[in-house]
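Architecture at a glance
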Amino acid sequence: MSFAERLAARAFPVALEITPPQRSLPHVLLRRARLLGDWAMAINVIQRPSRQSSLEASIQLREAGIDPAWHLVTRGRSREELAADLGRARASGIRQVLCIRGDHAGDDLPGAPNIRETIAQVVELLPGALIGATANQYLPDRDAVLRNLLPKLDAGAAYVQTQPVFATEALTPLAEAVKERSPSTHVVAMVMPLPTAAAAERIASRLGLAHAPTATGWAAFDDLVAALHANPLVDAVAIMTLEMDPPPEAAERIVKALANAGLAGALTP
């Protein structure tokens, strides 16, 4: 089953988030996308200004028989530009879209659609697609997070992807609030292994966290994945790594954590 099918079946699918190369290098893109083999049912393709676009990389993945989750960024884009990209995505068979503002610098054009309007545009121009939105569980004003998120769900987003989760304490209140207001919405928890304290410091700086995560090492990652799988509020995980090209032993260790948590790979009977 695809990521979308497993999500609908409450079968706790796994996604992998990757960074595309700086230009079109299919062998690099495919190497990164195949990091976890059949354990990843969808490949989230990050959008970065200095790299191959998420749409171009997603099209290449589809051509290779891999299901991508296209990161559709709205910052600085017109409604017409987004419509043209959605037409290309539909023609290429892309069936999963994560709608985000984007963290690059740039001003919006007059009349540019917001995320809610973009999601409605995706519903219209890419019918049947699995649409996601994002939410930051670390923001202190949870009511403001929900005021921003709920219109996106009303517009057609079926899942919410979080910021990287390092402990369930920050995630649970937001997930509870989402499920209370929209029971059918799926919560996809982003997870990232932090093998060392230095890695924890790096990610804390990147995310703007007040304190670095204290649970580091592979045993802590094992425990986190197992806890999320057991949490009835969480429906899937999306795995991100600090390195663009993790070593093979890191991939093996991630797969071991998934297996130990009781998850099933795509080809598992």
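First, a word on what this report is: a plain description of the structure on this page.

Looking at helix 4 (residues 79-92)
- Over its 14 residues, helix 4 runs 20 Å from end to end, which matches the ideal 20 Å to within 8%, given 1.5 Å per residue.
- Buried residues in helix 4 make contact with helix 3 (54-63), strand 3 (68-73) and helix 5 (115-125).
- Just beyond helix 4, the residue with positive phi is Gly93, at close to 85°.

A word on unusual backbone geometry
- Here the phi dihedral of Arg10 falls at roughly 55°; this positive angle occurs in a residue that is not glycine.
- Along the chain, Arg10 turns up in the loop between helix 1 (3-8) and strand 1 (14-18).

Observations concerning the pattern of salt bridges
- Enumeration according to the criterion identifies 12 salt bridges in this entry.
- Across the salt bridge formed by Glu56 and Arg88, the nearest N and O atoms sit 2.8 Å from each other. Residue Glu56 is located in helix 3, and its partner Arg88 is located in helix 4; the two are separated by 32 residues in the primary sequence.
- Exposure remark for Glu56: the relative accessible area of 33% places this residue in the partly exposed category.
- Between Asp222 and Arg253 there is a salt bridge; the shortest N-O distance is 2.6 Å. Of this pair, Asp222 sits in helix 9 (residues 218-230) while Arg253 is found in helix 10 (residues 248-260), placing the two residues 31 residues apart along the sequence.
- Residue class for Asp222 comes out buried when judged on its relative accessible area of 15%.
- Where salt bridges share partners, they join Arg10, Lys179 and Asp235 into one cluster.

Some remarks on helix 7 (residues 168-181)
- With 14 residues, helix 7 should cover 20 Å at 1.5 Å per step; its first-to-last C-alpha distance of 20 Å lies within 8% of that length.
- Where helix 7 is buried, its residues touch strand 5 (130-135), helix 6 (142-155), strand 6 (159-162), strand 7 (186-191) and helix 9.

Some remarks on the pairing of strand 5
- Burial of strand 5 is extensive: five of the six residues sit out of reach of the surface.
- Taken together, the three bridges between strand 4 (residues 96-100) and strand 5 define a ladder with parallel strand orientation. Residue pairing in the sheet places Gln96 in a bridge with Leu130 of strand 5.
- Regarding topology, helix 6 serves as the crossover connection from strand 5 to the parallel strand 6, and that connection is right-handed.

Quick notes on the pairing of strand 1
- Of all five residues that make up strand 1, five are buried, and the element is covered over most of its length.
- Of the two faces of strand 1, the one lined by Val14, Leu16 and Ile18 and the one lined by Ala15 and Glu17 are each fully buried.
- Two elements, strand 1 and strand 2 (residues 42-45), share four bridges in a ladder whose sense is parallel. Paired with Ile18 across the strands is Val45, a residue of strand 2.
- Since strand 1 and strand 2 lie parallel, the crossover through helix 2 (residues 26-33) that links them has a hand, and here it is right-handed.

Some remarks on the packing of helix 3 against helix 4
- With their axes 10 Å apart at the nearest point, helix 3 and helix 4 run at an angle of 10° to one another. Classified by the angle their axes make, helix 3 and helix 4 are roughly parallel. Residue-level inspection shows Leu55, Glu56, Ile59 and Arg62 of helix 3 in contact with helix 4, the latter providing Asp85, Arg88, Ala89 and Ser92.

Considering the sheet that holds strand 5
- Ordered by their spatial adjacency, eight strands build a closed barrel running 1-2-3-4-5-6-7-8, and the pairing between neighbours is parallel. For this sheet the average axis-to-axis angle between neighbouring strands, irrespective of direction, equals 30°.
- Relative to strand 8 (residues 236-239), strand 1 is paired through three bridges, and the arrangement is parallel. For Val14, the partnering residue across the bridge sits in strand 8 and is Val237.
- Docked against the sheet, helix 6 engages strand 5 and strand 6, running at close to 175° with respect to strand 5.

Some details on the environment of Ala238
- When you line up the elements, Ala238 lands in strand 8.
- Taking the C-alpha atoms as reference points, Ala238 and Pro13, separated by 225 residues in sequence, lie 8.6 Å from one another.
- Each residue touching Ala238, except ones within four places of it in the same chain, is listed here: Ala15, Asn44, Gln161, Val188, Ala189, Met190 and Val191.

Rules of the game
- Residues numbered from 1 in each chain as written.
- Predicted model: local features only at pLDDT ≥ 70, side-chain atom pairs only at ≥ 80, totals over all residues.
- Heavy atoms only, no water.
- Helix = DSSP H or I, 4+ residues; strand = E, 2+ residues; numbered from the N terminus.
- Expected span 1.5 Å × (residues − 1).
- Contact = heavy atoms within 4.5 Å.
- Salt bridge = Lys/Arg side-chain N within 4 Å of Asp/Glu carboxyl O.
- Buried < 20%, exposed > 50% of the residue type's maximum accessible area, 1.4 Å probe, protein only.
- Pairing = 2+ DSSP bridges.
- Right-handed = clockwise from strand over helix to strand, strands pointing away.
- Axes fitted to C-alpha atoms, helices over the stretch in contact; angles between N-to-C directions.
- Parallel < 35°, antiparallel > 145°, perpendicular 65-115°, else oblique.

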